[in-house]
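These are the residues of each chain, in order.
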Amino acid sequence: MLVGVLALQGDVDEHIAALHRAGAEAIAVKTPADLERVDGLVIPGGESTTVMKLLDRFHLAAPIKARVKDGMPLWGTCMGMIVAAHDVADLDQPTLDLIDITVRRNAFGRQNESAEIGLPVAALGEEPFPAIFIRAPWIERTGPSVELLAERDGHGVMVRQRDVLGTSFHPELTSDARVHAYFLKMVAEAKKNVGKTSTAA
Ligand code: GLN
């Protein structure tokens, strides 16, 4: 199982290190050829307006969409979740539109620009997750097939729709590997199911 981290801009090395800690092999993805090799893709934190432009320039937007539609799991952290969202409340720029949510950028206000909080996430067990928020988006709308996995102050901050996971916060910046392990389980499941969907249809 090989996991890719989109490496156009953002905290790529931190995710690769965290994936290694969680027991996975991981590579930086910069080209469509890199993308073809991986079983799952992480889009890290960074600057969404920049990365949305770079995705087109590096001819990665269409192949990522195609792979995810084909069942490749994708996890967006912070900027990555913005890029994967259906739309962005405060920005008129096309996204990858891979998860049926509307997000708002830099939503927690200036005073709360960066914070670490103990976030209850039932899907990860009883112990709250040490969630680091950095100029984080919140989720304003979730479509009917989106599962809300965690909230902060009444706003969604972790969601899943089938093979796509989104977190407003940065698990790669903590030593707690539970969200990485959760994503690796999604990747392992998807790999097991490869080829099964077509025969079932
Ligand atoms: N504020 C950034 C954006 O809108 C996201 C910040 C982050 O990824 N830590 O793209």
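Now for a quick tour of the structure. Every value quoted in this text rests on a predicted model; they were computed, and no experiment measured them. (Residues numbered from 1 in each chain as written. Predicted model: local features only at pLDDT ≥ 70, side-chain atom pairs only at ≥ 80, totals over all residues. Heavy atoms only, no water.)

1. Notes on helix α6 (residues 178-193)
So, point 1. Between its first and last C-alpha, α6 extends 23 Å over 16 residues, near the 22 Å set by a 1.5 Å rise per residue.
So, point 2. Val179, His180, Tyr182, Phe183, Leu184, Met186, Val187 and Ala190 are the residues of α6 that are buried. (Helix = DSSP H or I, 4+ residues; strand = E, 2+ residues; numbered from the N terminus. Expected span 1.5 Å × (residues − 1). Buried < 20%, exposed > 50% of the residue type's maximum accessible area, 1.4 Å probe, protein only.)

2. A look at the packing of aromatic side chains
So, point 1. With the rule as written, the count across this model stands at five aromatic pairs.
So, point 2. An angle of 85 degrees between the planes, with centres 5.3 Å apart, marks the rings of phenylalanine 108 and tryptophan 138 as edge-to-face. With phenylalanine 108 in the loop between β6 (99-104) and β7 (114-119) and tryptophan 138 in strand β9 (residues 138-142), this pair connects stretches of sequence that are 30 residues apart. For the pair phenylalanine 108 and tryptophan 138, a shared accessibility class is recorded, and that class is buried.
So, point 3. When the ring centre of phenylalanine 108 is taken as reference, the NZ or CZ atom of arginine 152 above it lies at 4.1 Å. (Phe/Tyr/Trp six-rings, centres within 6.5 Å; stacked < 30°, edge-to-face > 60°. Lys NZ or Arg CZ within 6 Å of the ring centre and 35° of its normal.)

3. Considering the site of the ligand
So, point 1. Taken together, the residues surrounding the ligand are Gly45, Gly46, Glu47, Ser48, Cys78, Met79, Ile82, Arg105, Asn106, Ile134, Arg135 and His170.
So, point 2. For the ligand, an oxygen atom lies 2.7 Å from a polar atom in the backbone of serine 48.
So, point 3. Within the contact set of the ligand, an oxygen atom lies 2.9 Å away from a side-chain nitrogen or oxygen of arginine 105.
So, point 4. Relative to its unbound accessible area of 310 Å², the ligand is 96% covered by the protein chains. (Near = heavy atom within 4 Å. Polar contact = N/O pair within 3.5 Å; in protein donor to acceptor, adjacent residues only side chain to side chain. Areas by Shrake-Rupley, 256 points an atom, 1.4 Å probe, with all protein chains shown as cover.)

4. Observations regarding the side chain of threonine 102
So, point 1. For threonine 102, the position within the fold is in strand β6.
So, point 2. What makes threonine 102 buried here is its relative accessible area of 10%.
So, point 3. At a separation of 2.8 Å, a polar atom in the side chain of threonine 102 contacts the side chain of arginine 141.
So, point 4. Dropping the residues within four chain positions of it, threonine 102 is found in contact with Asp87, Ala89, Trp138, Ile139, Glu140 and Arg141. (Contact = heavy atoms within 4.5 Å.)

5. Points about the pairing of strand β12 (residues 164-167)
So, point 1. Side chains Val164 and Gly166 project from β12 onto one buried face, and the interleaved Leu165 and Thr167 project onto a second face that is buried too.
So, point 2. Note that strand β4 (residues 74-77) and β12 share four bridges and pair parallel. Counterpart to tryptophan 75 in the pairing with β12 is leucine 165.
So, point 3. Note: strand β11 (residues 155-161) against β12, four bridges, orientation antiparallel. In the strand pairing of β12, methionine 158 is matched with threonine 167.
So, point 4. Where β11 folds back on β12, the antiparallel hairpin that results is connected by two residues, among which arginine 162 adopts a positive phi of roughly 45 degrees. (Pairing = 2+ DSSP bridges.)

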